[in-house]
Amino acid sequence: MSTERKTTPETPESPEPGPRPARVTAAAALVALEGLALLAGGVYMLAMGLAGSPDDARQAETGGITLIVLALLPLLAARGLMKLRRWSRGPAIITQIMALPVAWQMLQADSVAIPAGIVLAIAAVASLVLLINPATTEALGIQGPGNVQDQK
């Protein structure tokens, strides 16, 4: 028995992963940075809920746990992008789309949240541009709608 993978017209050979483009690395770094920010915020809220004196300890603890769990999505997506896994682009894009309204709300505040909102908006838009770039889709092995092969 041969261990070689046989290809038929119905099951084309998947492209061999090549070197990771800088755009994919940059997108993964931005997505990971957002995930780490969520994780840090969640740990801070949880610690303040447990050890500090927040207005509502239960709300702080629940918010902290929620942020920690939400941080898993971009962190796993960033790891997948670094390994050139095609599934990772979807969660990364979803994270950026969710970050845009948060950035907008931060920009509406009259506090120190405005600079954070600016940074978040720039990071989300930059990540989206990097993630939808044709070089990124090609590097991840994502084909057009319906996985139709280009006929040249």
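Procedures and definitions
Residues numbered from 1 in each chain as written. Predicted model: local features only at pLDDT ≥ 70, side-chain atom pairs only at ≥ 80, totals over all residues. Heavy atoms only, no water. Helix = DSSP H or I, 4+ residues; strand = E, 2+ residues; numbered from the N terminus. Buried < 20%, exposed > 50% of the residue type's maximum accessible area, 1.4 Å probe, protein only. Core = buried A, V, L, I, M, F, W, Y, C linked by side-chain atoms within 4.5 Å. Contact = heavy atoms within 4.5 Å. pLDDT = per-residue confidence, 0-100.

With that settled, the discussion passes to unusual backbone geometry. Despite not being glycine, Leu84 has its phi angle at roughly 60°, a positive value. Structurally, the position occupied by Leu84 is in the loop between helix 2 (57–82) and helix 3 (89–108).

Note on placement: Leu36 falls in helix 1 (residues 22–51). Take Leu36: its relative accessible area is 47%, and that puts it in the partly exposed class. When the C-alpha atoms of Leu36 and Ile68 are compared, they prove to be 9.3 Å apart, with 32 residues separating the residues in sequence.

Next up on the list: the nonpolar core. Membership of the largest hydrophobic core comes to 14 residues, with the highest contact counts inside it found for Val31, Leu81, Ala92 and Leu131. Elements supplying a minimum of two residues to this core: helix 1, helix 2, helix 3 and helix 4 (113–132). Of all the elements, helix 1 adds the most residues to this core, at 4 residues. The residues touching Val31, leaving out its near neighbours within four places in the chain, are Pro74, Ala77, Ala78, Leu81, Ala92, Gln96 and Ser127.

Another aspect to go through is the confidence of the model for the chain. Confidence in the prediction of the chain, expressed as mean pLDDT, is 85, and 82% of residues score 70 or more. Here residues 5–15 is a poorly scored stretch, pLDDT under 50, and it has 8 contacts once near neighbours within four places are set aside; other chains count.

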